[in-house]
Amino acid sequence: MKLERLLVPTDFTETSLSAFQDAVLLATQSQVELFHLHIVDSQDAVDKARIQLEMLSNRALVDHKVRVINLVRIGEFMKSIGDVACEIEADLILMGTHGIKGMQWVTGSNAMRILAHSKAPILIRQESKEKLVQHIVVPLDSKLETRQKLDMAIKLAIVYKARIHLLVERELETLSIERMNKLIKQVSTYISDHRVEYTLNYEDQTITTSRLLDFAYRVGADLITIINYQEEVYTELFGMTREQELISNKYNIPVLCVNAKNTAEIITAY
């Protein structure tokens, strides 16, 4: 299980360039191929974008010995990011979010729209951490789809030599307890088989967004991994979703969003 291709979109703002630096840091820890993408709205802007990308890739090579593959595409950025991720078969998209202009406006509905256009998971940072990930929080329940986020969490934990913190809602009904205990045993074995350290933590109440965030803050999480069940997002009509609230969380903890696949497509080892 390896993280092989990483896509980082940029609009050359401070936030997106900070995300690129975090991606370069990740690339120093593994053999991941790093793709740096800028999307323009016309052919006239292509050459300038290529020059800017080349300056950044040269610096990454000189300072960190990391080779970067530069990409320029013409199109609409929210859809084009997903198209390029599919084209290069990216394992992960890493993006920055903060502010309200350019590609920094990736809070709330825009982040979820990008996710809707992409098969690849998206790691969204509010600010550059400029340090290795050490603690990854994974909330776990008995739904089959939620297990999909575990594979990506393990991939990142292997790269960073990080610890996974499983958060499980304590069940009260006998059948639910038996089902959850079986799942926990399978998941624990699966994580251990990949030689990743983990902790098992129980929440006596419903795992709400605020309780998940507070737990992540207490364990010093560098990343929260969540599953997105929505194929389309209609925030203008129905308000902020749980996923959007997590993305823009008050602790500025990065969030990894994984799209739920149809359960018929899922092949798991547990």
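Given the structure is predicted, the values throughout are model-derived calculations rather than measurements.

Caption draft 1: Structural view of the pattern of salt bridges. Here the structure, examined in full by the defined rule, presents eight salt bridges. Between Arg125 and Asp22 there is a salt bridge whose closest N-O contact spans 3.2 Å. Linking Arg125 in strand 5 (residues 122-125) with Asp22 in helix 1 (residues 14-28), this pair joins segments that are 103 residues apart in sequence. Classification of Arg125 as buried rests on a relative accessible area of 4%. Given the relative accessible area of 3%, Asp22 is considered buried. Salt-bridge contacts for Glu87 lead to Arg73; the nearest nitrogen and oxygen are separated by 2.6 Å. Note that Glu87 is positioned in helix 3 (residues 77-88) and Arg73 in strand 3 (residues 68-74), a separation of 14 residues in sequence. Taking relative accessible area as the criterion, Arg73 reaches 26% and is therefore assigned partly exposed. Taken together, the salt bridges that share partners define one network made up of Glu4, Arg5 and Glu33.

Caption draft 2: A look at helix 2 (residues 46-64). Helix length check: helix 2, at 19 residues, gives a terminal C-alpha distance of 26 Å against a target of 27 Å (1.5 Å per residue), a fit within 8%. Among all positions in helix 2, only Val46, Ala49, Leu53, Leu56, Ser57 and Ala60 are buried. Viewed end-on, helix 2 has its buried residues packed into an arc of 100°, placing them on one side of the element. Opposite the packed face of helix 2, turned more than 90 degrees from it, sit the exposed residues Asp47, Lys48, Ile51, Met55 and Val62. As for helix 2, its buried residues are in contact with strand 1 (5-10), helix 1, strand 2 (33-40) and strand 3.

Caption draft 3: Highlighting the environment of Val159. Tracing the sequence through the fold places Val159 in helix 5 (residues 148-160). In this structure Val159 comes out as buried when scored by relative accessible area, which is 8%. Measuring from C-alpha to C-alpha, the distance between Val159 and Leu132 comes to 9.6 Å, with 27 residues separating the pair along the chain. Dropping the residues within four chain positions of it, Val159 is found in contact with Leu3, Leu26, Gln29 and Ser30.

Caption draft 4: Spotlight on the side chain of Ser80. Along the polypeptide, Ser80 turns up in helix 3. Relative accessible area serves as the criterion here: at 10%, Ser80 is assigned to the buried category. Of the polar contacts made by the side chain of Ser80, one reaches the backbone oxygen of Glu76; its length is 2.9 Å. In this structure Ser80 touches Ile39 and Gly75, once residues within four positions along its chain are discounted.

Caption draft 5: Expanded view of the side chain of Thr199. Relative to the helices and strands, Thr199 is located in strand 8 (residues 198-203). Side chain to side chain, Thr199 and His165 meet in a polar contact 2.8 Å long. Leaving out residues up to four positions away in the same chain, Thr199 has contacts with Arg163, Ile164, His165 and Leu166.

Caption draft 6: Spatial organisation of unusual backbone geometry. Of note, Phe12 is a non-glycine position whose phi angle comes to about 70°, a positive value. Turning to its location among the elements, Phe12 is positioned in the loop between strand 1 and helix 1. Of note, Asn252 is a non-glycine position whose phi angle comes to about 60°, a positive value. You can see Asn252 is positioned in the loop between helix 9 (242-247) and strand 10 (255-259).

Caption draft 7: Summary view of the environment of Val8. For Val8, the position within the fold is in strand 1. Considering only alpha carbons, one finds Val8 and Leu123, 115 residues apart in sequence, at a separation of 9.8 Å. In this structure Val8 touches Ala19, Phe20, Ala23, Leu34, Phe35, His36, Leu37 and Leu94, once residues within four positions along its chain are discounted.

Caption draft 8: Molecular detail of the pairing of strand 7 (residues 163-169). In terms of burial, strand 7 is largely enclosed, as five of its seven residues are buried. Where strand 6 (residues 135-140) and strand 7 come together, six bridges link them in parallel fashion. Bridging from a neighbouring strand, Val138 pairs with Leu166 of strand 7. When strand 7 meets strand 8, the two strands line up parallel, connected through six bridges. Each bridged residue has a counterpart across the sheet, and for Leu167 the counterpart in strand 8 is Asn201.

Caption draft 9: Structural context of the nonpolar core. Counting 51 residues, the largest nonpolar core has Leu6, Leu34, Ile136, Leu156 and Ile164 as the members making the most contacts within it. It is helix 5 that provides the largest number of residues to this core, a total of eight residues. Within the second largest apolar cluster, 33 residues are counted, among which are Ile93, Met95, Ile124 and Ala216.

The rules behind each value
Per chain, the residues get numbers from 1 upward, laid out in the order the sequence is written. Local features are withheld for residues below a pLDDT of 70 in this predicted model, meaning they are given only at 70 or higher, and side-chain atom pairs are given and counted only at 80 or more; totals for whole chains, interfaces and linings count all residues. The basis for every side-chain value is the complete set of heavy atoms in the structure, and neither hydrogens nor water enter the calculation. We count a salt bridge whenever a side-chain nitrogen from Lys or Arg sits within 4 Å of a carboxyl oxygen from Asp or Glu. Numbering of helices and strands runs from the N terminus; a helix is a DSSP stretch of H or I covering at least four residues, while a strand is a stretch of E covering at least two. The buried label applies to any residue whose accessible area, calculated with a 1.4 Å probe on protein chains only, is under 20% of its type's maximum; exposed applies above 50%, and partly exposed to all values in between. To estimate the expected span of a helix, subtract one from its residue number and multiply by 1.5 Å. The reported arc concerns the directions from the helix axis to the C-beta atoms and nothing else. In what follows, residue pairs with any heavy atoms lying within 4.5 Å of each other are defined as contacts. Counting of polar contacts relies on pairs of N or O atoms within 3.5 Å, with two restrictions inside protein: one atom must be capable of donating a hydrogen and the other of accepting it, and residues adjacent in sequence are counted only when both atoms are side-chain atoms. Only strands that DSSP links by at least two bridges are regarded as paired with each other. Within this scheme, the nonpolar core is defined by two criteria: the residues are buried Ala, Val, Leu, Ile, Met, Phe, Trp, Tyr or Cys, and they are joined through side-chain atoms within 4.5 Å.

Scope: geometric values only; no functional claims are made or implied.
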